[in-house]
Amino acid sequence: MRKRTLIATGVMAVLMSATTTVAMAKDKMTLYCSAQDDWCQLMVNGFEEATGIDVSMTRKSSGETFAQLKAEASNPKGDVWWGGTGDPHLQAAEEGLTEPYVSGMREQLNDWAIAQATSAGDKTIGIYSGALGYGYNTDLLAANNLPEPACWQDLVKPEYKGHVQMANPNSSGTAYTTLATIVQLFGEDEGFEFMKGLHKNINQYTKSGSAPIKAAARGESTIGIVFMHDAVKQAVAGFPIKVVAPCEGTGYEIGSMSIVKDSRNPESAKKFYDWALSAEAQTLALQVNAFQVPSNKGSETSPSAPDLASIKLIDYDFAKYGSSDERKRLLKKWDDDVSVLPQ
Amino acid sequence: MRTVHSEAVSQPVLIFWIFIGWVGFLVLPWYAIEDGLFSFEWLFDGYPFDSDYAPAAFLVAQGEKLWLAPLILPIVAVLAAIGRAKNDPLYAKILIVSSAFGFAWLFFQGFGIGLRGWQFDSLEALFGPLGDRQFGMGYGALFMATSFLFLLTQGVAARGAINGDVFVVSAIGGVIAVISIFVFFPIAKMLTAAFITEDQTYSIAVFSSKFLDDRLWGVSCLSGGGKCGVAWNSLFLAVSVGAITTVLGLVFALVVTRSGFKHKRVLRALTVLPIITPPFVIGLAIILLFGLSGSITTFVADVFGIQPTRWIYGLPGVMIAQVLAFTPIAFLVLIGVVEGVSPSMEEAAQTLRASKWQVFRTVSFPLMRPGLANAFLLGFIESMADFGNPLVLGGNFDVLSTEIFFAIVGAQYDQGQAAVLAIVLLAFTLGAFYAQRFWLGKKSYTTVSGKGDAGVHPSMPSRLAIPVYIVAIAWSLFTVVIYVMIVFGSFVELWGVNNTLTFKHYITAFSFSWGEGDIRWTGAAWNSFWTTIQIAGISAPITAALGLLTAYLLTRQNFAGKSSFEFGTMLSFAIPGTVIGVSYILAFNVPPLELTGTGIILVISFVFRNMPVGVRAGIASMSQLDKSLDESSLTLGANSWQTFRRVILPLLKPAILAALVYSFVRAMTAVSAVIFLVSAEYDMATSYIIGRVENNDYGLAIAYSTTLIVVMLVAVGAMQLAVGRTAIGRRTSIKPES
Amino acid sequence: MVGIINSKAASVQFEGVSKTYGSDVWAVDDISLTIEPSTLVTLLGPSGCGKTTTLRMIAGLEIASKGRIFIGDKDVTKLPATDRDVSMVFQSYALFPHMSVFENVSYGLNYSGFSKTETRDRAMAGLEIVGLAGFEKRLPSELSGGQQQRVAVARALVLEPQVLLFDEPLSNLDAKLRRQVREEIREIQQDLGLTVVYVTHDQEEALAVSDRIIVMRNATIAQEGTPRELFEAPVDAFVADFIGEANLIPCQITKVTGETADISIGDYQYSLAARGMSPGAATVAVRPSRVQILASGTPDMITASIAKATYVGGHMEYTVDTPFGPLFALSGEVDQPFTVGQELALSFSGSGPVLLPAS
């Protein structure tokens, strides 16, 4: 469908410029998108429909996009970077790859979204947020006569041996957030003791962050440690998944958005930025089963989505645990002390 | 009358290439257009003065990008060659010197000046900061480079290389140029990337620390406890898969050629299926059967009261999936070999009082050895490069290809790490490639002499036949079950949870509606589906053409350095797709060649991945064409291009079709290289399906795969019909018989 | 119509031409030769002697490593095949299997600047010359071997080449057809006055068709001359044996008087043309047909006995034991042949034997 309209508009453009000999340069912009694919596509279509501005979109993970911004710093090709966990956005702000912008939409946003902006000198802003947790397959839990877990500490109990799955913190941002959360929750020493205990129960460290809950959904594993919205998504898809907000409290991520510095289409970029913060745009997430908590207070949320207000959130230190030194230190420690242990 | 022939041809060709060079310099935009090669918006958007779209001449005239100015020298100089006789020594000298200079200048400015000015500190130190930068080359540069290349080959031809044959020299030059750019350059780039530190300097220490990492080479699994290195995992897996697929392939080849087995056609069809199946689909089906909640697991657990386990995740699962997927490749290699063993040799052995078993052991089997080695090598490389099955079934069993992928796309985003891993992978496959050539190089196994062989293959000895039957039937049943699973899985609501039959997945993927007089493609899969068909459709003819041209050069021409030329063209065969993907990202993400995110890079990667098959098909059928056909055409006054087009090509239809089918199918099912190179705009079916799998959307993934299988079956069937027809024509058309 | 096709026959000249493959394989070693216009010259020799390489150098399919090649007055040494005015008929005929007879014959004309009608007329004329008018729509696979051969000739002829080359053109035909086709080739060559260079390893064929024969051995020219010169006055044992079999008998030249030499073969004395040789060891070559065997002879004849007798239809072949070894002899007398073991007398006919240097 999109192709057809593109061809049609292409033909139109040629015809018009041929008859009027006036260069009809259509407004356009380039979006770097770090959320899931269908969500990105939906945002592009929604924005094009709302404003008529042509968007060319590249979907890459937040790490990749950060690297790309760095590589293109002298010749930026992108205009807006939308989605993806907050750490690399903060890092980009720190390195001056993104531009400060104070949107008129701010008053509609939750506090945590604005806090994200203030901490980065207005160079980024929160667009959604998701809390860490885990989910379990109710059928398998019953089949194995296991008690229902409710806390982080439940996961290190010996009866769950071979039933827990999480991603490898080296390859997954989700798993790193887990590691950082545990360290902040229990303190570093006790936190690592917890990770060692958890290690004994893990049946597989997956590469991708959301894989553990998908395995649980299909009945290939019992418990998966993931962001809660990912678990909700499986439950909504019809899988026997129950979502758990750990009783001790938990960490979270703030999905962010930034405007690329010296971008080629700053006007379009700002239009997108404002639009993306609107309730209308954030409600689109429901169409693609993205159950993150939107930053606009007015946007609709799914009844299945985890309610951030009812979850005990820790005061996650994004500045510290987002810094690359701390990250490397923790990962190395995990590699050396935890991952090598026999299971 | 014929003596002026070559002069009459050479002048227009010369003028054509000079013209192309001038067009590149004066008319076409020098730098790549952001909106892609096929967008012509630039024509109305400030061309020719806007510096984004300006031709080199306009840039220089406006005082920008002054380093392009010297390019005018060679294109002015070559004008002096016009009107000169071809055997005038000045003609060759002018062409060679000026086009070589032009080419070299183009090359050095392209690599010397990049996005951030000087690319090398030494240049900066020498000339001071540049204060300017440049982007990827576009139409103008492409035209000029092509012009210089072919002017150079004309000069070289005029000096008497290859009997002064312009077409052959140009073809060699062209093939060398594209192979250098799209095979050797990316690999070289990848090698250097392995040495880059975080602050963009080079260091051996970085490489060695990554290379000697325990995660790569650790052996603690042997002593119990820890995990073994990724490299060992990959190597062990690939050797096992290579060996098992070779044995199974041989089994099938024997059943088909040397037994009274009645359902050979069914067996053949079964072996074609996995080739046109996207590789990881088999992995999915295996999970659905043997996973913790798989049908068979649950069934066995219920019946025998065994606690189900996750045994399938890891080495066993990956190995089963790969063996299922790659056995057909071994079969296709081996059936030719098994059929090719001359029956009269076996009959000779029988008349010398050898029993059937002794004949098989002492004559038939040794003669099949090159085929076995080939099949093993293919299985080995495919397993090394396979990405989908380890992704789905790997569990904690890490292999190189997935590690490479996650080094690039994961949170760690470490291109250097990916490069190091890719180098290890490449070293393994090249090592196997070399070992095979070394082993076979010393012996001759030619048994097909071209003379008629009236003998009949003996049937298998019974002590071989019984196990062979058992294996073949078991495997066939297994394959059937797997495919039934796949089809069934595409029609149920939610596999394992809700087994209601539904067309939902097909509708989601491929729905369309009628609106405003035309079809509206509303399904989610159409975008990637059309892109895939388009990319496969474009790359298949290019692959076939390049492969056959190379085969022509290799079989029909003699030139210095032919053996290294041959090695170069065959090399990409031993390069796993994963490595191609990584190296393309490293090489074509930055000027002078910015191709990532375009459809072109997908086409190129398919062309160079699949070209060796085109070359092989071409060599095989060209060596059946008597060389005197070309020679007689030459003595009749046709030049070598006319000979190639009028005589060789028409006689190569079967090879052309084989190459077309293969590259089309491969382009539809390939994952390993594609996964790195797709973009939102150019998404391929396989990467879309992997995305669905990652999203736990098995129904859609399987529905899409099933559709692809059907589409390819239809396409392959249509092409095979076409091949069949020409083959009948060809029987009478091989060398004229007396 | 046949009259459209004429000849532009030119000479061929080699000046010190060599062809090497790699650094040490000499296919042709420093040969010089001249082929007069409108003659049929045969390159004859055993396989691997360099005759085909020589032919291919004339065609331009191989480029000489050293020396110069002229066709007519033009130096063509470095000219590729496409640009030489030479046509070739291949051993396999090399008819393009996907083209009709007419398309095959007009193939070269298409690249030689003829108009459509001219091309058509010439192709038809060519087919008429070889007696294949009416076959133009057939595919090569629908023709017999002899017809295919003639199409190949027509295809080469119509271009009116300065030189027409034949590479063992008859080797794929059966014996009877071979004789017929070679006569046709000779006839066309003489009618049109073509310069033809012809490669064969069949000495009978060479003797039958050639104006001159060039015998090659080990990449060099062994001897050049008319068929009669080669047969009757070979320069050495190799040529003598290759052109029609010969018994090579070691002998001693005892005395040379003027043009005549006295030789002794064992006890047997004989005189023949000295050919410039001086006393000492030599070889005498005797064709089998020049060995005369008689049931009884004069005392100066050699005594011998029949070791083997074979009846081959037209004549008898004998292996005869003599004091100096076995000889091979032919006899036209088939009705009353000699029997094995029979004693007899043997002599050489007057003009047959030739004195050659010792081998």
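Caption draft 1: Spotlight on the overall build of chain B. The secondary structure content of chain B amounts to 32 helices and six strands. Relative to its 738 residues, chain B shows a buried fraction of 48%. Considering only intrachain contacts with a sequence separation of at least 6, the fraction spanning at least 24 residues in chain B is 75%.

Caption draft 2: View of the overall build of chain C. Each helix and strand in chain C was counted, giving eight helices and 20 strands. Overall, chain C is about 80 × 50 × 35 Å in size when its C-alpha atoms are taken along their principal axes. For chain C, restricting intrachain contacts to residue pairs at least 6 apart in sequence, the fraction spanning at least 24 positions comes to 67%.

Caption draft 3: A look at the environment of Ala77 of chain B. Residue and element names in this part refer to chain B. By the secondary structure assignment, Ala77 is in helix α3 (residues 72–77). Sequence separation of Ala77 and Ser98 is 21 residues, and the distance between their C-alpha atoms is 6.4 Å. Excluding residues within four positions of it along the chain, Ala77 makes contact with Ile94 and Ser98.

Caption draft 4: Representation of the arrangement of the chains. By contact count, the dominant pairing among the two pairs of chains in contact is that of chains B and C. Chain C makes no contact with chain A, the minimum C-alpha separation between the two being 43 Å.

Caption draft 5: Geometry of the domain arrangement of chain C. Looking at chain C, the domain boundaries give domain 1 (2–232) and domain 2 (245–357). Each of domain 1 of chain C and domain 2 of chain C has a C-alpha centre, and the two are 39 Å apart.

Caption draft 6: Here's a closer look at the pairing of strand β13 (residues 268–273) of chain C. Residue and element names in this part refer to chain C. Looking at chain direction, strand β12 (residues 260–265) and β13 are connected through six bridges and run antiparallel. Each residue of the ladder has a partner; that of Ala261, found in β13, is Leu272. Hairpin remark: β12 followed by β13, antiparallel, with two residues in the connecting loop; positive phi at Gly266, about 60°.

Caption draft 7: The arrangement of the nonpolar core in detail. Core analysis: the biggest nonpolar cluster contains 324 residues, and Leu284, Ala422 and Val582 of chain B together with Leu165 and Val197 of chain C have the highest contact counts within it. It is helix α14 (residues 315–340) of chain B that contributes the most residues to this core, 16 residues altogether. Counting 86 residues, the second-largest nonpolar core is a separate cluster that includes Leu140, Ala180, Tyr252 and Ala290 of chain A.

Caption draft 8: A look at the packing of helix α23 (residues 526–556) of chain B against helix α29 (residues 653–669) of chain B. Residues and elements named next belong to chain B. Direction vectors running N to C along α23 and α29 enclose 140°, while the axes themselves pass 8 Å from each other. On the basis of their axis angle, the class for α23 and α29 is oblique. The handedness of the crossing between α23 and α29 is right-handed. Contacts from Thr532, Ile535, Ala536, Ser539, Ala540, Pro541, Thr543, Ala544, Gly547 and Leu548 in α23 reach Ala655, Ile656, Ala659, Leu660, Ser663, Phe664, Ala667 and Met668 in α29. Considering only residue class, the contact of α23 with α29 consists of 13 nonpolar, five polar and no charged.

Caption draft 9: Examining the packing of helix α7 (residues 173–186) of chain A against helix α14 (residues 324–339) of chain A more closely. Residues and elements named next belong to chain A. It is at 11 Å that the axes of α7 and α14 come closest, and there the two elements cross at 90°. By the angle class used here, α7 and α14 are roughly perpendicular. Counting all contacts with α7, which are made through Tyr176, Leu179, Ala180 and Val183, the residues of α14 involved are Arg327, Leu330 and Trp334.

Caption draft 10: Up close: unusual backbone geometry. With a phi close to 65°, Asp122 of chain A is a non-glycine residue in the positive phi region. Relative to the elements of secondary structure, Asp122 of chain A occurs in the loop between α5 (111–119) and β5 (124–137). Within the chain, Glu160 of chain C stands out as a residue other than glycine whose phi angle is a positive 45°.

Caption draft 11: View of the pairing of strand β9 (residues 212–217) of chain C. Residue and element names in this part refer to chain C. Looking at chain direction, strand β3 (residues 40–44) and β9 are connected through four bridges and run parallel. Among the inter-strand pairings, Thr42 is bridged to a residue of β9, identified as Ile213. Judged from the five bridges that link them, β9 and strand β10 (residues 220–225) form a sheet pairing that is antiparallel. Residue Arg217 lies in a different strand from β10, and its bridge partner there is Thr220. Between β9 and β10, which follow one another and run antiparallel, lie two residues, and Asn218 among them has a positive phi close to 45°.

Caption draft 12: Region of interest: the interface of chain C and chain B. If you look at the interface, chain C gives 33 residues, while chain B gives 29 residues. Counting residues per element, the ones that place at least two in the side of chain C that touches chain B are β6 (86–89), α2 (101–110) and α4 (145–157) of chain C. Tallied by class, the residues present in the side of chain C that touches chain B amount to 18 nonpolar, eleven polar and four charged.

Caption draft 13: Region of interest: the sheet that holds strand β15 (residues 291–294) of chain C. Residues and elements named next belong to chain C. Spatially, β15-β19-β16-β17-β18 is the arrangement adopted by the five strands of the open sheet, whose pairing is antiparallel. The two strands at the open ends of the sheet, each matched to only one other strand, are β15 and β18 (325–331). For this sheet, the mean inter-axis angle between neighbouring strands, taken without regard to orientation, is 45°. In this structure, strand β17 (residues 316–322) lies alongside β18, joined through seven bridges in antiparallel fashion. Considered in β18, the bridge of Tyr318 is made with Ala329.

Caption draft 14: Summary view of the confidence of the model for chain B. Mean pLDDT over chain B: 79, with 89% of residues reaching 70 or higher. Residue range residues 725–738 of chain B is modelled with pLDDT below 50. Its contacts to residues more than four positions away, or to other chains, number 22 contacts.

Caption draft 15: Quick look at the sheet that holds β9 of chain C. All names here are of chain C. The strand order across the open sheet formed by six strands is β6-β7-β8-β3-β9-β10, and the pairing between neighbours is mixed. The open sheet is flanked by β6 and β10, the only strands paired with a single partner. This sheet shows a mean twist of 20° between the axes of neighbouring strands, independent of strand direction. The sheet contacts of helix α1 (residues 51–59) involve β3, β6, β7 (163–167), β8 (196–200) and β9, and relative to β7 the element is tilted by about 150°.

Caption draft 16: Seen up close, α1 of chain C. Of all nine residues in α1 of chain C, nine are buried, a share of seventy percent or more. Residues of α1 of chain C that are buried: Lys51, Thr52, Thr53, Thr54, Leu55, Arg56, Met57, Ile58 and Ala59 of chain C.

Caption draft 17: The environment of Gln149 of chain C, seen in detail. Residues and elements named next belong to chain C. Following the sequence through the fold, Gln149 ends up in helix α4. With 26 C-beta atoms counted inside 10 Å, the residue Gln149 sits in the buried group. For Gln149, the residues in contact, after removing those within four places along its chain, are Tyr93, Pro169, Leu173 and Val181.

Caption draft 18: Layout of the environment of Gln223 of chain C. Within the secondary structure, Gln223 of chain C is located in strand β10. Taking the C-alpha atoms as reference, Gln223 of chain C lies 7.3 Å from Val239 of chain C; in sequence the two are 16 residues apart.

How each quantity is defined
All chains use their own residue numbering, which begins from 1 and follows the written sequence. All chains are assigned letters beginning with A, and all ligands numbers beginning with 1, in the order in which they are written. Restriction of local features to residues with pLDDT of at least 70 applies here, the model being predicted, together with a cutoff of 80 or more for giving and counting side-chain atom pairs; totals for whole chains, interfaces and linings are based on all residues. The way it works is that DSSP assigns letters per residue, a run of H or I at least four long becomes a helix, a run of E at least two long becomes a strand, and they are numbered from the N terminus. Residue burial is a threshold on neighbouring C-beta atoms within 10 Å of the residue's own C-beta, all placed from the backbone, with 20 or more meaning buried, 12 or fewer meaning exposed, and counts in between meaning partly exposed. Two residues form a contact once the distance between their C-beta atoms, set from the backbone, is within 7 Å. Marked domain ranges trace back to an automatic or database domain assignment. When DSSP finds two or more bridges between two strands, those strands count as paired. Buried Ala, Val, Leu, Ile, Met, Phe, Trp, Tyr and Cys residues form a nonpolar core when they are connected through C-beta atoms within 7 Å. Every axis in this analysis is a line fitted to C-alpha atoms, fitted for helices over the stretch in contact. Angles between the N-to-C directions lie between 0 and 180 degrees. For classification, angles of less than 35 degrees are called roughly parallel, those exceeding 145 degrees roughly antiparallel, those between 65 and 115 degrees roughly perpendicular, and all remaining angles oblique. Crossing handedness: left-handed means the near helix sits turned counterclockwise from the far one by under a right angle, and right-handed means the same turn made clockwise. Polar here means any residue outside two lists: the nonpolar Ala, Val, Leu, Ile, Met, Phe, Trp, Tyr, Cys and Pro, and the charged Asp, Glu, Lys and Arg; Gly therefore counts as polar. Each residue carries a pLDDT score, the predictor's own confidence in it, on a scale running from 0 to 100.

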